[in-house]
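Working through the structure, step by step
Here is what each chain is made of, one letter per residue.
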Amino acid sequence: QVQLVESGGGLVQPGGSLRLSCAASGIAFNIYVMAWYRQAPGKQRDLVATITSTGNTHYADSVKGRFTISRDNAKNTVSLQMNSLNAEDTAVYYCKAESEPQFTRRVYWGQGTQVTVSS
């Protein structure tokens, strides 16, 4: 019943932009910290950005100033606007939901969406 479904991935040229979306269902979205992670071939899965239920954000140094995370609690969605993309941004991007720490810990992951930056 719990689902996190990413969309918006694809092929983009260096310097281009892409917007990823994650639609959540089956959870109390307003009590979850939402996050985007990414994993390149042969690499670890790294945190890209987080946004708390109240809108506080955190970004990895590698994407700071280029990526923006946002959420719409009315629509149960979280988005990642990616600008000035380069080849090092190529990865599978995953949406993650984790309940705020005052609640019983629950973590859910989406299936991932491929982002390829190439000329």
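The notes below deal with the structure included here. Small disclaimer: the values here were computed from a predicted structure and weren't measured. (Residues numbered from 1 in each chain as written. Predicted model: local features only at pLDDT ≥ 70, side-chain atom pairs only at ≥ 80, totals over all residues. Heavy atoms only, no water.)

**A few points about the layout of surface pockets**
Reported here for the largest pocket is a volume of approximately 220 Å³. Along the walls of the largest pocket sit 14 residues, with Arg38, Ala40, Lys43, Asp46 and Glu88 positioned nearest its centre. For the lining of the largest pocket, the secondary structure elements donating two or more residues are β4 (32-39) and β5 (45-51). Among the elements that make up the lining of the largest pocket, the one with the highest residue count is β5 (3 residues). By residue class, the composition of the lining of the largest pocket is 6 nonpolar, 4 polar and 4 charged. (1 Å grid on protein atoms, 1.4 Å probe; cavity = no way out; pocket = protein on both sides within 12 Å on 5 of 7 lines; lining within 4 Å. Points joined across faces, edges and corners; volume = space filled by probe spheres on them. Helix = DSSP H or I, 4+ residues; strand = E, 2+ residues; numbered from the N terminus. Nonpolar A, V, L, I, M, F, W, Y, C, P; charged D, E, K, R; others polar.)

**Comments concerning the sheet that holds strand β8 (residues 77-82)**
Spatial strand order, β1-β3-β8-β7: 4 strands in an open sheet with antiparallel pairing. A single partner strand is all that each edge strand has here, and the edge strands are β1 (3-7) and β7 (67-72). Adjacent strand axes in the sheet meet at a mean angle of 15 degrees when their direction is disregarded. Taken together, the 6 bridges between strand β3 (residues 18-25) and β8 define a ladder with antiparallel strand orientation. (Pairing = 2+ DSSP bridges. Axes fitted to C-alpha atoms, helices over the stretch in contact; angles between N-to-C directions.)

**Details of the pattern of salt bridges**
Under the defined criterion, the tally for this structure stands at 5 salt bridges. Across the pair Arg66 and Asp89 runs a salt bridge whose closest N-O atoms are separated by 2.8 Å. Pair noted here: Arg66 is in the loop between β6 (57-59) and β7 and Asp89 is in the loop between β8 and β9 (91-99), with a separation of 23 residues, a long-range link. The pair formed by Arg66 and Asp89 is uniform in burial state, with each residue classed as buried. The partner of Lys96 in a salt bridge is Glu98, with the nearest N and O atoms 3.2 Å apart. Among the residues examined, Lys96 registers a relative accessible area of 9% and is labelled buried. Looking at Glu98, the relative accessible area reads 22%, which means it is partly exposed. Here the residues in one salt-bridge network are Arg38, Arg66 and Asp89, joined through shared partners. (Salt bridge = Lys/Arg side-chain N within 4 Å of Asp/Glu carboxyl O. Buried < 20%, exposed > 50% of the residue type's maximum accessible area, 1.4 Å probe, protein only.)

**Considering the side chain of Ser79**
Within the secondary structure layout, Ser79 lies in strand β8. Those residues in contact with Ser79 that lie beyond four places of it in its chain are Arg19, Leu20, Ser21, Trp36, Thr68, Ile69 and Ser70. (Contact = heavy atoms within 4.5 Å.)

**Side note on the state of the cysteines**
Working definition of a disulfide: a covalent bond connecting the sulfur atoms of two cysteines. Using the criterion set out here, one finds 1 disulfide in the structure. Across the disulfide, Cys22 is cross-linked to Cys95 (sulfur-sulfur distance 2.1 Å). Around the S-S axis, the bridge from Cys22 to Cys95 shows a dihedral of about -80 degrees and counts as left-handed. Within this pair, whereas Cys22 is found in strand β3, its partner Cys95 is found in strand β9, the two being separated by 73 residues in sequence. Residue class for Cys22 comes out buried when judged on its relative accessible area of 0%. (Disulfide = S-S within 2.5 Å.)

Limitation: the analysis is restricted to geometry and does not speak to function.
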